[in-house]
Amino acid sequence: MRFTKGLMTAAAALLLGFGTAHADMMKVKIGTEGAYPPFNNLEADGTLVGFDIDIAKALCAEMKADCEFVTQDWDGIIPALLAGKFDAIIASMSITEERKEKVDFTAKYYNTPPALAVPKDSDIADTSDAALSGKTIGAQSSTTHSNYAEEKLSSAELRLYPTPDEYKLDIANGRIDAVIDDVIVLSEWLATDDGACCKLLGTLVPDPVINGEGAGIALRKGEDELREKFNAAIEAIRANGTYKEINDKYFDVDVYGG
């Protein structure tokens, strides 16, 4: 097929314009854990799925940003952000004053309470510290939930795990008496075959100091422009219905919270 000189020039200009526009897209690397279903999880085929992931993709689309996901173990996720491995953390990270000493946060994008789960035949009557005296509670390390157990449920022994998968195995095999985590995380697990061992004991009253203001996006200090772009995008997807679509895909309740 042949083109006239004019058509070739027009086509070249169009391609150049597309390439320039693509090159001008803001590029953002997003760190996530990939081990916290239903919020973020790395499937066997290497695909990242979950509420955090879909929210991140919606925010990137709203910001017209070219985003890339990077998985990182939870214990090292803030150090990796500070080292420049990625630009933002979208991984159900609670906004707390302790973390604000190291990183900045956007506004929250969801807020759900902590809870306890126990074996179905457990003799633990309620979620009080007294009821858990002498029991062993499992929690993921370096989380608001482990901090909560340490501060509020001090009559129990606290056992820490690198991911929720390990504490789930231990409670299923009778090695610990209870586990503490986000109520959504526990409820979703209890609805699966793997969670058939256990039941939800109850939710816990959040402590604003320990549990913070909800889950936000963490960024390096001084990244004010990126933070405000994310904040504007959170407001936009809340207003245009995208947030609700993603919420309803995963949950029967509005996880945004009050």
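Scroll up to find the structure.
For the structure given in this document, a descriptive report is provided here. (Residues numbered from 1 in each chain as written. Predicted model: local features only at pLDDT ≥ 70, side-chain atom pairs only at ≥ 80, totals over all residues. Heavy atoms only, no water.)

## Describing the pattern of salt bridges
In this structure the tally under the stated criterion is 14 salt bridges. Between aspartate 104 and lysine 221 there is a salt bridge, and its shortest N-O distance comes to 3.3 Å. Here lysine 221 lies in the loop between β13 (215–219) and α9 (224–239) and aspartate 104 lies in strand β7 (residues 104–110), a separation of 117 residues in the sequence. The exposure class assigned to lysine 221 is partly exposed, which follows from its relative accessible area of 46%. Several salt bridges converge on common partners, so that one network encompasses Asp104, Lys221, Asp224, Arg227 and Glu228. (Salt bridge = Lys/Arg side-chain N within 4 Å of Asp/Glu carboxyl O. Helix = DSSP H or I, 4+ residues; strand = E, 2+ residues; numbered from the N terminus. Buried < 20%, exposed > 50% of the residue type's maximum accessible area, 1.4 Å probe, protein only.)

## What to know about the sheet that holds strand β4 (residues 48–49)
Read across the sheet, three strands follow the order β2-β3-β4 without closing on themselves; strand pairing throughout is antiparallel. The sheet is open, and its two edges are formed by β2 (35–36) and β4, each paired on a single side. Pairing of strand β3 (residues 40–42) with β4 involves two bridges; the strand directions are antiparallel. Across the sheet, asparagine 41 pairs through a bridge with valine 49, a residue of β4. (Pairing = 2+ DSSP bridges.)

## Brief notes about the packing of aromatic side chains
Within this structure, the stated rule accounts for 12 aromatic pairs. Their ring planes at 90° and their centres at 5.9 Å tell us that phenylalanine 51 and tyrosine 243 sit as a pair that is edge-to-face. One end of the pair, phenylalanine 51, is in helix α2 (residues 51–63); the other, tyrosine 243, is in helix α10 (residues 242–250), with 192 residues separating them in the sequence. Relative accessible area serves as the criterion here: at 0%, phenylalanine 51 is assigned to the buried category. Of the residues examined, tyrosine 243 reaches a relative accessible area of 2% and is grouped as buried. Relative to tyrosine 250, the ring of phenylalanine 51 lies with its centre 6.4 Å away and its plane at 90°, an arrangement referred to as edge-to-face. Here tyrosine 250 lies in helix α10 and phenylalanine 51 lies in helix α2, a separation of 199 residues in the sequence. By way of ring pairs, the aromatic residues Tyr36, Phe39, Phe51, Tyr109, Tyr110, Tyr243, Tyr250, Phe251 and Tyr256 are connected into one cluster. The lysine or arginine in question, lysine 108, covers the ring of tyrosine 256, its NZ or CZ lying 4.3 Å from the ring centre. (Phe/Tyr/Trp six-rings, centres within 6.5 Å; stacked < 30°, edge-to-face > 60°. Lys NZ or Arg CZ within 6 Å of the ring centre and 35° of its normal.)

## Focus: the pairing of strand β1 (residues 26–32)
Examined bridge by bridge, β1 and strand β5 (residues 65–71) share seven bridges and lie parallel to one another. Across the sheet, threonine 32 pairs through a bridge with threonine 71, a residue of β5. Bridge count for β1 against strand β6 (residues 88–94) is two bridges, and the pairing is parallel. Note on β6: the bridge partner recorded for isoleucine 30 is alanine 88.

## A word on unusual backbone geometry
Trans is the common state for peptide bonds, and a negative phi is the common state for residues other than glycine. Residues proline 37 and proline 38 are joined by a peptide bond in cis, for which omega reads 5°. Among the secondary structure elements, proline 38 is positioned in the loop between β2 and β3. Even without a glycine there, the phi angle at lysine 64 is positive, about 55°. For lysine 64, the position within the fold is in the loop between α2 and β5. Non-glycine residue serine 92 carries a positive phi angle of around 55°.

## Quick notes on the state of the cysteines
In total, this model carries two disulfides according to the counting rule given. Residue pairing for cysteine 197: its cysteine sulfur links by disulfide to cysteine 198, the two sulfurs lying 2.5 Å apart. Judged by the torsion about the S-S bond (-95°), the cysteine 197/cysteine 198 disulfide is left-handed. Looking at cysteine 198, the relative accessible area reads 3%, which means it is buried. (Disulfide = S-S within 2.5 Å.)

Without other data, these values stay purely geometric and don't point to any function.
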